[in-house]
Amino acid sequence: MRADRLIQVLLHLQSRPRVTAAELADALEVSVATARRDLEALSAAGVPVYPQPGRGGGWSLLGGSRTDLSGLTAPEARALFLLAGPGAASSDHARAALRKLVRALPATFRAEAEAAAAAVVVDREGWSAAGRARPPEVDALQRAVVERRRVRIDYTGATGRSSRRVLDPWGLVDKEGAWYLIAGTDRGPRTFRVDRIGALDLTDEPAVVPDDVDLQAEWDRVVGEVEAKRSATWATVRVAPEHVDVLRAQFGRHTVVTDDDPAADPAARDAGRVTVRVAAPTPLDVARHLAGWGAQADVVGPAEVRAELARLGTELVAAHGGTTAGARP
């Protein structure tokens, strides 16, 4: 886990005046290239780690050897924890390392460091296959979360309606490149897509954040609600084994290969097809995904999905039935 290793790098640096990438690689049991990338990542994050070229050179932590991290400024500590915190979420060792690092910080920095480490949740399961650029508002929102400052935003909802809102930011979620803000409102906690935020202002008003707020638990609740809507209609499909990954690309986590299919007939098994369960919000959504498969996908049911497929097929025949097969437009 890279977050765990970055903290090990920093603790290794603070215990000696200078270290080479090769020495660090040997100590952490990683490649020299990996050690060098970790050192560069710390430096890019604002931690005062600098290379010294030439004979006797190497990497050093500004200020030399020290037994604690009191040489870090508040912005440097915040940058480190913003960098390491999200990656530590899935590692017990990384979380333990972060706790030790917090105890090594000056007391005045600990609250901000802990807030920074918990400011972002990383969710690797994307709701869309399309990659997204990191929204420019993320940095300002991270700052608002860490400093517990209210934000004023212009927000465009899913219907296209815009509104101005004042929010208490609780934390951010990086869901495979799609960023979400979890915030307190006068109607309780809400989730906002960061790419729908227009104007953004950090106010000087303190944000109201419950002491017992658990960002991961709050995000799990949001995901549960969204996934329930996204998987309202399940369909059973039989395809060749090599096509299962294509279905997964279309339906994401709502793709389940069924080993014990009581509805499977001997002909399907003899044809070497596997049974897969897929889901989408409505029968039409399922049918739209499957319409291009033609005879390569045998849609067993439900009847609502088969009916939508038949309707789409009728529309296609009506629109394109007069076109000669193989003819160019």
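Everything numeric here is computed off the predicted structure, so don't read it as measured data.

Caption draft 1: The arrangement of the overall build of the chain in detail. Looking only at helices and strands, the chain features twelve helices and twelve strands. Working note: accessible area of the chain is about 17,800 Å², and carbon and sulfur atoms make up 51% of it.

Caption draft 2: Highlighting the sheet that holds strand E9 (residues 233–239). Reading across from one edge, E10-E11-E9-E12 is the order of the four strands in this open sheet, with antiparallel pairing throughout. Only two strands of the sheet have a single neighbouring strand rather than two, namely strand E10 (255–258) and strand E12 (298–301). Each neighbouring strand pair of the sheet contributes to a mean axis angle of 30 degrees, computed without reference to strand direction. As paired elements, E10 and strand E11 (residues 274–280) share four bridges and run antiparallel to each other. Bridging from a neighbouring strand, Thr255 pairs with Val278 of E11. Relative to the sheet, helix H9 (residues 244–251) contacts E9, E10 and E11, its axis offset from that of E11 by approximately 10 degrees.

Caption draft 3: Broad picture of the environment of Val166. Within the element layout of this structure, Val166 appears in strand E5 (residues 162–175). When its relative accessible area of 42% is taken as the criterion, Val166 is described as partly exposed. Beyond its immediate chain neighbours, meaning those up to four positions away, Val166 contacts Arg150, Val151 and Arg152.

Caption draft 4: Spotlight on the confidence of the model for the chain. Confidence in the prediction of the chain, expressed as mean pLDDT, is 78, and 70% of residues score 70 or more. When the criterion is pLDDT under 50, residues 324–329 qualifies, and its contacts beyond four places in sequence or with other chains add up to zero contacts.

Caption draft 5: Fine view of the packing of aromatic side chains. Evaluation of the coordinates by the stated rule reveals two aromatic pairs. Judged by centre distance (5.4 Å) and plane angle (40 degrees), the ring pair of Tyr180 and Trp219 falls under tilted. Of this pair, Tyr180 sits in strand E6 (residues 178–185) while Trp219 is found in helix H8 (residues 215–230), placing the two residues 39 residues apart along the sequence. The class of Tyr180 is buried, set by a relative accessible area of 11%.

Caption draft 6: View of the side chain of Asp168. By the element assignment, Asp168 lies in strand E5. Overall, the relative accessible area of 9% leaves Asp168 in the buried class. Of the polar contacts made by the side chain of Asp168, one reaches the side chain of Arg150; its length is 2.6 Å. Beyond its immediate chain neighbours, meaning those up to four positions away, Asp168 contacts Arg150, Ile182, Ala183, Gly184, Pro206, Ala207 and Val208.

Caption draft 7: Layout of the pairing of E5. Examined bridge by bridge, strand E4 (residues 149–156) and E5 share six bridges and lie antiparallel to one another. When the bridges of E5 are listed, Asp154 appears paired with Arg164. Turn length for the E4-E5 hairpin, with the two strands adjacent in sequence and antiparallel, is five residues, and the turn residue Gly160 shows positive phi of about 90 degrees. With seven bridges joining them, E5 and E6 adopt antiparallel strand pairing. When the sheet's bridge partners are listed, Lys175 is paired in E6 with Ala178.

Reading the values: the criteria
- Residues numbered from 1 in each chain as written.
- Predicted model: local features only at pLDDT ≥ 70, side-chain atom pairs only at ≥ 80, totals over all residues.
- Heavy atoms only, no water.
- Helix = DSSP H or I, 4+ residues; strand = E, 2+ residues; numbered from the N terminus.
- Areas by Shrake-Rupley, 256 points an atom, 1.4 Å probe, with all protein chains shown as cover.
- Pairing = 2+ DSSP bridges.
- Axes fitted to C-alpha atoms, helices over the stretch in contact; angles between N-to-C directions.
- Contact = heavy atoms within 4.5 Å.
- Buried < 20%, exposed > 50% of the residue type's maximum accessible area, 1.4 Å probe, protein only.
- pLDDT = per-residue confidence, 0-100.
- Phe/Tyr/Trp six-rings, centres within 6.5 Å; stacked < 30°, edge-to-face > 60°.
- Polar contact = N/O pair within 3.5 Å; in protein donor to acceptor, adjacent residues only side chain to side chain.

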